[in-house]
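# Examining the three-dimensional arrangement
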Amino acid sequence: MPWTPDLTLSDKPRYLAIADMIAADVKSGRLAAGDRLPPQRTLAKRLEMDFTTVARGYAEARKRGLIDSRVGQGTFVLGAPKTAALRASARLSADLTMNLPPEPTEPELIELMRGGLAQVGRDLVGRLRYQGFGGSPADKDAASAWLGRRALVPSQDRLFVTPGAHAALLGILGILAKPGDVVLCEAVTYPGVRAIAAQLGIRLVGLAMDADGVTPAALDDACERLEPKALYLNPTLQNPTTLTVSEERRAALADVARLHELPIVEDDAYGFIPIRKISPFAAIAPDLTWHVAGLAKCIGAGLRAAYVVAPSAKASWPFVAALRAANVMASPLTVALATAWIEDGTADAILRFIRAETAARQKLATEILPAGSFAADPLSFNLWIPLPAPWNRSSFVGHLRDTGIGVVASDAFAAGGPPSEAVRVCIGGPSTRDEIRRALEFIGHALAEPPELASSYI
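Residues numbered from 1 in each chain as written. Predicted model: local features only at pLDDT ≥ 70, side-chain atom pairs only at ≥ 80, totals over all residues. Heavy atoms only, no water.

For helix α15 (residues 393-402), every residue scored as buried is listed here: Arg393, Phe396, Val397, Gly398, His399 and Leu400. Between the side-chain oxygen at the start of α15 and the backbone nitrogen of Ser394 there is a gap of 3.1 Å, and the oxygen is on Asn392. Backbone geometry just downstream of α15 places Gly404 in the positive-phi region, at approximately 95°. (Buried < 20%, exposed > 50% of the residue type's maximum accessible area, 1.4 Å probe, protein only. Helix = DSSP H or I, 4+ residues; strand = E, 2+ residues; numbered from the N terminus. Polar contact = N/O pair within 3.5 Å; in protein donor to acceptor, adjacent residues only side chain to side chain.)

Structural data, given as structure tokens:
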């Protein structure tokens, strides 16, 4: 017998009653997966109501993941487990826009972190006073010990503790380039440096990249044509592409930079995450490189501190003046906590947790998303997803946003040429592993379907 809902059982608007009846009949078994529903005009005639009301009812049912309309074939009931998964996804609220490390959840680790906080509190009044710029000797010792993990052993007159990587980059680029000057970077680059360049009036020019990052030929050509003042690079687990520049490519880029006497600004935000270490530019070309080692990505975003290694003591003088004018000093409380955690091993414990949890989340992505559909590193906090046609970045971001999932379109990262049809999906931060799994299931489903079909499940 053709399906006909009894709308007298509901006091809701009739279009909602239609969707409710579909849900109830699926649950009771009256409607099964694959059952074909009556055409909308046929049902409208049978129920003696206008076509628009029935159309709205079917649209509501599609939003709930109950039915699927196929052009030229009709409207069909979806069944478990797909229906259940899509319904769960429809209730999702996952902000995957910020590239953050997973947050510690282990009670023992959290207790260890609290121990460092208690230690800092023993001299709370003293740490509320003004401090000398660049960090105390104890803070610089801790910074040296931390940077030693990256094979960096700078003298203390080249090492500075600063109030975060953004402040450091703003200060460095501000002394290297004047408004209107050119600074080079990757064609797909970190949005933060785009914002800093805009603030300073600097012209940021993206360079051609291959699977190993910026090409030496592109760098050499840009140096010849544009007279740039610096080269900005995020060479390890690059945000957003997740690539890590090889040691050989780093050496080749350093050779080109040396030929043109071009300063390198190395944003080493993720440099401590990989277990296998590749030498930073600051070790390959120390006389050219401004090395910025922020703690936000390897310990926690709220720990606003970064260690800066200048190419020479003389080069650091205008940098110190610029940061003093803008920030006075790094927060003594924050820096003291970083120092305590480095000295007592808590920082290493946090880093081990971040690696293990990130690896587990990346494994989820590999298991859930279509093979070959994204770029990632086993220890990167994000996925870079080139979109299959006919998806475009605007429709894909909008589709996920309608379901409560936030991702970032490639426009935010484009520094050279038009943006590609791609999105960045972050899998760290406060989201739980289960929330990440559910969001990835929905994203995987969207990637496997054309936009017009995928959108029917929202």
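Don't stop here, the text continues.
With that settled, the discussion passes to the sheet that holds strand β2 (residues 67-70). One open sheet holds the three strands; their spatial order is β1-β3-β2, and the pairing between them is antiparallel. Each edge of the open sheet carries a strand with a single partner, namely β1 (36-37) and β2. As paired strands, β2 and strand β3 (residues 74-77) are joined by four bridges and run antiparallel to one another. Along β3, the bridge assignment pairs Asp68 with Phe76. Seen against the sheet, helix α3 (residues 51-63) touches β1, β2 and β3 and runs at an angle of roughly 115° to β2. (Pairing = 2+ DSSP bridges. Contact = heavy atoms within 4.5 Å. Axes fitted to C-alpha atoms, helices over the stretch in contact; angles between N-to-C directions.)

Turning our eyes to something else, we now look at the side chain of Thr53. Here Thr53 lies in helix α3. Looking at Thr53, the relative accessible area reads 15%, which means it is buried. Those residues in contact with Thr53 that sit more than four places away from it in its chain are Arg14, Tyr15 and Ile18.

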